[in-house]
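Residue-level listing of the chains:
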Amino acid sequence: MTATCTEAENTDLIADRDVMVPMRDGVRLATDIVRPSRVDGEKHVPLPVIMERTPYDKRGISRSEVSVADPRPASRVEIAEYFARHGFAVVMQDCRGRYNSEGEFHKYVNEAEDGYDTLEWLVKQRWCNGKVGTMGLSYGAHTQSALACLEPPGLSCMFMDSGGFSSAYHGGIRRGGAFELKQATWAYRHALRSPETLADPARAAKLKEKGIREWFRNMPWQPGASPLSAAPEYEEYLFEEWRAGTFSDYWRQPGLYAEGFYDRFPDVPTAIVGSWYDPYVLTCLTNFIELSKRHRSPTQLIMGPWTHGDRSRTYAGDVDFGPDATLDNNLAPDYRELRLAWFCRWLKGAEVAVEQAGVRYFQMGGGSGLRNEAGKLIHGGRWIAAAGWPPPRAQEDVLYLSKGGVLSADPPAEPGELCYQYDPENPVPTIGGALTSGEPLMQGGAFDQRESDRIFKYRGAPNGRLLSEREDVLVFQTPPIEKALVVSGALIVELFVSTDCPDTDFTAKLIDVYPPSADYPEGFAMNITDGIFRLRYREGWDRQVMADAGEIYRIEIKPFAVSNLFKAGHRLRLDVSSSNYPHFDLNPNTGAPEGCAVDFRVATNHIHFGEGHLSRLRLPVVSDQ
C-alpha cells in the first residue's frame, strides 16, 4: 500500500465515543476514536494514530483551530475527522477528572503516567499499527512532554504547540521566583465550568458571589478565603503551586520538568511552535535546544510574533506585524496542513514537503510606525530561517545604567544610586507581555506603556498616564539610535540592588520607544519582553535567604528571549521597578513564606551604579542582516 497524504473521497468514518481506557490505578479516561472504515479499499488495516489529550473537552470547540481563510473555531470532533479522512486513527481523550473521564483533576501532575498508560493501551489495539504521533496546544503540549518523560511505547513523533514545560518553575507557573497569577484566573474560569459546579447551583453561586476583579483587589488570599474557596480541589492545587517557593522535588516531577528527563525522551521527530508574546518562550526554546543536542531525528522550531495560539493573526495586542506575520500562507497553507504534512511524513513515510530549516523565527520590527485601519501600530517584521537557536551571529553588547536615567555603552564615571518605594497596595499594572489565560484581568501582547480603561488596577481607575511617569518606575533609555539594531536571543539585566525589607522583587522591561508622530503625538512605548526576580532566591533557587537592610546584592533578571529590530531614530528603554500586577503575585516585602502573607509592608528599594556596582543590560545583537 503506497503511503499517501491526500484526503480519501467519500470516506466513511468509524467513531467510538467514550471508550473508557483504564489507567494503572483503575481510573478510566474517556476516549473518542475516529478512523476510516476503509483504507485503499481494504477493511481492518492497522493505522498510524494521532493522539491529543486535553482538559478542555475532547468534543469541544478549540479556539485556536482557525485559519485566515476560515476564522470560525473548529471543534475537536471536526479536527479528528479531518485527520481520519487522510488515513489516520485519531484519538481524543479527556484528561483525568475532566468532562467524561473518571478521577480527580490535579493540574499537570498526573499527565505523565496517564499519557504513558494510554499509549500502552493504544499500541495493543488491532486498528493501531504501533506508531503514535501526538499533538496539542498549551495544556495539550504539556501532556506530550509529560508522557515523553517516561519513554512510552509507540511514540513516533510529536507536534508541541505553545507548551510542554521544560521547567514550570522557571517559566509557566513561576518566573524568577515569583508566582504567575494566570494560574489563579485559569483555575477560576475552569472551576466555573467543572462538572461539580455545573451539578451544584450553590457552588456556582458561591464562586460568582464576589467576582474575580474584587478578589484581585483584595490581596493577600488564604485557603478558605480566595476566589476558589467554593471549589476546594482547584484551590488546593493553586496554593500547592504558590507555596512551593523553592525549586524542590515538587518541581522536578515529569510533566513539570522535562529538563530532568531529556535523556529519556524517545528519539523521534519533534516540531515545536511558540511565540514571543506567550508564557512558554523559555519552554519552547529550551526544548528545542536540548532535544536538538541529543537526537538524530529532526527537531524543528517555529517562533512567531503572536500571543498564545493566535498564529493566524497579524497582531498581538495593539501592535500589527504585517501580512507576513501569520503562519498561514507564509510557513504553510494553514495550521491543519502544517500538521498534516508532519504526520504524513513521520507516521506514514509519505514523500511530502516538510520544512527543512531547523528554526524559523519572526524578527519583529522595521514597519512604518503608522496606525493602521484597525487602530494598531504597524511594527512590521519578517521570517528568518536558521540552522539553530540562538542565532549563531549574535554577539553580546552591554549598555550601562546610570543615575541620569541613561542607557549607554560607557559605564558611569561616578558611583550613584536611585531609589523608589514599592507599595504592594499600589503596584505597577500589567500592560501586555508574555502571558495568557489572564482574562478578564490581563491580556498578552504589545501595547503602549500607558494606563487605559482596558487594564486592571489594584487601586483606583486607570487615568491614562504613562508608566514612565510613576514614581516607582525607574526609566533608563538610550538617545535616539543612529543605526538600526537587531536584538535576537536571550538578554540579561544585571542589577546591584538593596532594600530596607527582608525580601522584595525587582522587575525589568525592555521597550522599543517610537518617536512622536502624527498618529502617535506622544510616541509609542512598545513592550518587547520583561522579567522579574525575587530577592530571597539570590543564592539559588533551592534556598530562601532573607536580605539584610542596606546590603548591596548582585542579581540577574532574565526576561524571555526575543527577536526585534529597533529602527534608527528609536530609543531602547529599560524600565526597572518591583511589581507587574496581576501578571505576578505581590511580594509583601515582609519575608513571609510564599503564598502565606497576611499583611503588606512598603519597601524602599535602591539601584546602584558605578565602579564595583555596574548595573547593566546585556543584549544579544545580530549584525549583517
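In what follows, the accompanying structure is described. As the structure is a computational prediction, the values presented were derived from the model and not from experiment. (Residues numbered from 1 in each chain as written. Predicted model: local features only at pLDDT ≥ 70, side-chain atom pairs only at ≥ 80, totals over all residues. Heavy atoms only, no water.)

Of the regular secondary structure elements, the protein chain holds 10 helices and 30 strands. In terms of C-alpha radius of gyration, the protein chain reaches 25 Å, essentially the compact-globule figure of 25 Å for 625 residues. In terms of overall dimensions, the protein chain has C-alpha extents of about 80 × 55 × 45 Å along its principal axes. Taken over 625 residues, the protein chain has a buried fraction of 62%. Sequence-distant contacts, at least 24 apart, represent 75% of the contacts inside the protein chain between residues at least 6 apart. Here the protein chain holds 68 positive side-chain charges and 85 negative ones, and the gap between their average locations is 2 Å. (Helix = DSSP H or I, 4+ residues; strand = E, 2+ residues; numbered from the N terminus. Rg over C-alpha atoms; globule rule 2.2 N^0.38 Å. Buried < 20%, exposed > 50% of the residue type's maximum accessible area, 1.4 Å probe, protein only. Contact = heavy atoms within 4.5 Å. Lys, Arg positive; Asp, Glu negative; His and termini not counted. Charge placed at Lys NZ, Arg CZ, Asp CG, Glu CD.)

This paragraph deals with the sheet that holds strand E21 (residues 474–477). Taken together, the four strands give an open sheet; going across it, the order is E21-E28-E24-E25, and neighbouring strands pair in antiparallel fashion. Since the sheet does not close on itself, it has two edges, and those belong to E21 and strand E25 (524–534), each with one partner. Strand-to-strand twist across the sheet, computed as the mean angle between neighbouring axes with direction ignored, equals 20 degrees. In the sheet, E21 pairs with strand E28 (residues 571–577) via four bridges, with the strands oriented antiparallel. Paired with Val475 across the strands is Asp575, a residue of E28. (Pairing = 2+ DSSP bridges. Axes fitted to C-alpha atoms, helices over the stretch in contact; angles between N-to-C directions.)

Counting 168 residues, the largest nonpolar core has Phe216, Trp276 and Phe343 as the members making the most contacts within it. A per-element tally of this core places helix H10 (residues 335–348) first, with seven residues. Listed in part, the six residues of the second largest apolar core include Ile431, Phe447, Ile455 and Val473. (Core = buried A, V, L, I, M, F, W, Y, C linked by side-chain atoms within 4.5 Å.)

You can see Ser64 is positioned in the loop between strand E5 (47–54) and helix H1 (76–84). Ignoring any residue separated from it by four or fewer positions in sequence, one finds Ser64 in contact with Leu137, Gly309 and Arg311.

Moving on, we get to the packing of H1 against H10. The interhelical angle for the contact between H1 and H10, taken along N-to-C directions, is 45 degrees, at an axis separation of 11 Å. In terms of their interaxial angle, H1 and H10 are classed as oblique. Between H1 and H10 lies a crossing whose hand is right-handed. Of the residues in H10, those touching H1 at Ile79, Tyr82 and Phe83 are Arg336, Glu337, Arg339, Leu340 and Phe343. Looking at side-chain class alone, the contact of H1 with H10 contains five nonpolar, no polar and three charged residues. (Parallel < 35°, antiparallel > 145°, perpendicular 65-115°, else oblique. Left-handed = near helix turned anticlockwise from the far one by under 90°. Nonpolar A, V, L, I, M, F, W, Y, C, P; charged D, E, K, R; others polar.)

One pass over the structure, following the stated rule, counts 39 aromatic pairs. For the ring pair Phe216 and Phe456, a centre distance of 6.5 Å and an interplane angle of 90 degrees mean the geometry is edge-to-face. Pair noted here: Phe216 is in helix H7 (residues 212–216) and Phe456 is in the loop between strand E20 (416–422) and E21, with a separation of 240 residues, a long-range link. Of the two residues, Phe216 and Phe456, neither departs from the other in class, the shared state being buried. Aromatic side chains Tyr361 and Trp389 sit 5.2 Å apart centroid to centroid with 80 degrees between the ring planes, which places their arrangement in the edge-to-face category. Of this pair, Tyr361 sits in strand E15 (residues 359–364) while Trp389 sits in the loop between strand E17 (381–386) and strand E18 (394–401), and the two are 28 residues apart along the sequence. For Tyr361, a relative accessible area of 2% translates into the label buried. (Phe/Tyr/Trp six-rings, centres within 6.5 Å; stacked < 30°, edge-to-face > 60°.)

Below, the discussion takes up the sheet that holds strand E13 (residues 315–316). With mixed pairing, three strands are arranged side by side in an open sheet as E13-E14-E16. Of all strands in the sheet, those with a lone pairing partner are E13 and strand E16 (377–378), marking the two edges. Examined bridge by bridge, E13 and strand E14 (residues 319–320) share two bridges and lie antiparallel to one another. Bridge pairing links Ala316 to Val319 in E14.

Here we come to the pairing of strand E24 (residues 505–514). Along E24, 10 of the 10 residues are buried, which leaves the element largely enclosed by surrounding structure. Every second residue of E24 is oriented toward a common face, with Asp505, Thr507, Lys509, Ile511 and Val513 on one face and Phe506, Ala508, Leu510, Asp512 and Tyr514 on the other, all of them buried. Pairing of E24 with E25 involves 10 bridges; the strand directions are antiparallel. Across the sheet, the residue bridging to Val513 is Ala525, located in E25. Of the pairings in the sheet, the one linking E24 to E28 comprises seven bridges and is antiparallel in character. Bridging from a neighbouring strand, Ile511 pairs with Arg573 of E28.

The next subject is unusual backbone geometry. Trans peptide bonds make up most of the peptide bonds, and negative phi angles are found at most residues other than glycine. In this model, Met219 is joined to Pro220 through a cis peptide bond whose omega is 0 degrees. Within the secondary structure, Pro220 is located in the loop between H7 and helix H8 (232–243). Of note, the bond from Glu439 into Pro440 is cis; its omega dihedral lies within 30 degrees of zero at 5 degrees. In this fold, Pro440 is placed in the loop between E20 and E21.

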